[in-house]
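Examining the three-dimensional arrangement
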Amino acid sequence: MVILIVGNSEIERRLEQKFAEEGHRAVRAADAEEVTKLLGAEEKLDMLVLGGAAPAEKENGGITAKPDWERVQRLYAENAAGALCAVQKTFPCLERGTFKRICYLNPVCGSINACLTGEDFGMRMSACAVNMQVTILYNRMRPLGYTFRLFGVREEADCERQASAACWYFTRNRSVDAESARHTDENRLVMRDMDGREIPF
């Protein structure tokens with residue numbers, strides 16, 4: 001498969017190695033602006049992987065604290081808008097590919113249902129926006145034959161293990177049961193972590 005990874009965090013760099021070890025042709029762009037430099041006009045792309053790691057710096061204070069709005073705006077631009085821009089730029093290449101899969105790496109702490117701490121809400125809001133973006137794209141593009149993967153990144157977990165789990169999750173097909181929609185995993189959009197557990201998002 002031809003795989004493009006958009007992102008420059010540690011997990012994305014290790015994921016690039018994991019794909020290569022499985023025999024796939026994987027290239028990585030630091031951001032959406034670099035995508036067009038890596039993809040030729042007639043390139044075929046089988047899979048797009050969009051990174052969204054949580055920033056190293058944290059913003060203290062709960063939901064009632066005044067956030068740093070410039071930082072929030074930057075996080076939205078990098079995580080949500082950047083991912084959508086990459087999808088738009090690669091869509092013609094994905095259309096020429098055969099696998100047609102779009103994968104997202106997004107922090108688990110962006111989950112509305114699994115928000116267990118009360119800090120850094122600016123970053124969490126940007127990650128939550130990515131979850132909504134995946135949902136909207138899935139609803140529009142699944143009928144066109146696209147499949148989606150949403151991998152929940154845990155900040156405290158081992159990066160190498162998470163990259164291995166994401167590689168396996170992204171490159172394998174899920175179950176399809178023509179007679180039972182309930183048992184067709186490809187028609188269910190879920191977030192999974194490195195242990196394969198479903199994370200409410």
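In case you missed it, the structure is sitting above this.
Observations concerning the packing of aromatic side chains
Aromatic ring pairs are reported here in terms of the distance separating the ring centres and the angle at which the planes meet. A full pass over the atoms with the stated rule returns four aromatic pairs. For the ring pair F91 and Y146, a centre distance of 6.1 Å and an interplane angle of 25° mean the geometry is stacked. Of this pair, F91 sits in helix α3 (residues 69–96) while Y146 is found in the loop between α4 (121–141) and β5 (147–153), placing the two residues 55 residues apart along the sequence. Each ring, one from F151 and one from F170, has its centre 6.4 Å from the other, and the planes form 80°; the classification is edge-to-face. Taken together, the residues F151 in strand β5 and F170 in helix α5 (residues 159–171) connect sequence positions 19 residues apart. The exposure class assigned to F151 is buried, which follows from its relative accessible area of 1%.

Notes on the sheet that holds strand β7 (residues 198–199)
Spatially, seven strands are ordered β2-β1-β3-β4-β5-β6-β7 in an open sheet, and the strand pairing comes out mixed. Unpaired on one side and paired on the other, β2 (25–29) and β7 mark the two borders of the sheet. Direction of pairing for strand β6 (residues 191–192) relative to β7: antiparallel, over a ladder of two bridges. Bridge assignment links R192 to a residue of β7, and that residue is E198. Sitting on the sheet, α3 is in contact with β1 (2–6), β3 (47–50) and β4 (101–107), with an inclination near 170° to β3. Each of β3, β4, β5 and β6 is contacted by α5, which is oriented at about 165° to β5, the strand it contacts most.

Some remarks on α3
For α3, with 28 residues, the first-to-last C-alpha span of 40 Å sits near the 40 Å given by 1.5 Å per residue. In α3, a bend of some 50° at T90 exceeds every other bend along the element, and P92, a proline, comes one to four places later. Taken together, the buried positions of α3 are occupied by R71, V72, L75, N79, A80, G82, A83, A86, V87, T90, C93 and L94. Buried positions along α3 lie against β1, α2 (32–38), β3, β4 and α4. The residue sitting at the N-terminus of α3 and contributing the capping side-chain oxygen is D68; that oxygen lies 3.2 Å from the backbone nitrogen of E70.

Conventions we followed
- Residues numbered from 1 in each chain as written.
- Predicted model: local features only at pLDDT ≥ 70, side-chain atom pairs only at ≥ 80, totals over all residues.
- Heavy atoms only, no water.
- Phe/Tyr/Trp six-rings, centres within 6.5 Å; stacked < 30°, edge-to-face > 60°.
- Helix = DSSP H or I, 4+ residues; strand = E, 2+ residues; numbered from the N terminus.
- Buried < 20%, exposed > 50% of the residue type's maximum accessible area, 1.4 Å probe, protein only.
- Pairing = 2+ DSSP bridges.
- Contact = heavy atoms within 4.5 Å.
- Axes fitted to C-alpha atoms, helices over the stretch in contact; angles between N-to-C directions.
- Expected span 1.5 Å × (residues − 1).
- Bend = angle between axes of the 7 residues up to and from the residue.
- Polar contact = N/O pair within 3.5 Å; in protein donor to acceptor, adjacent residues only side chain to side chain.

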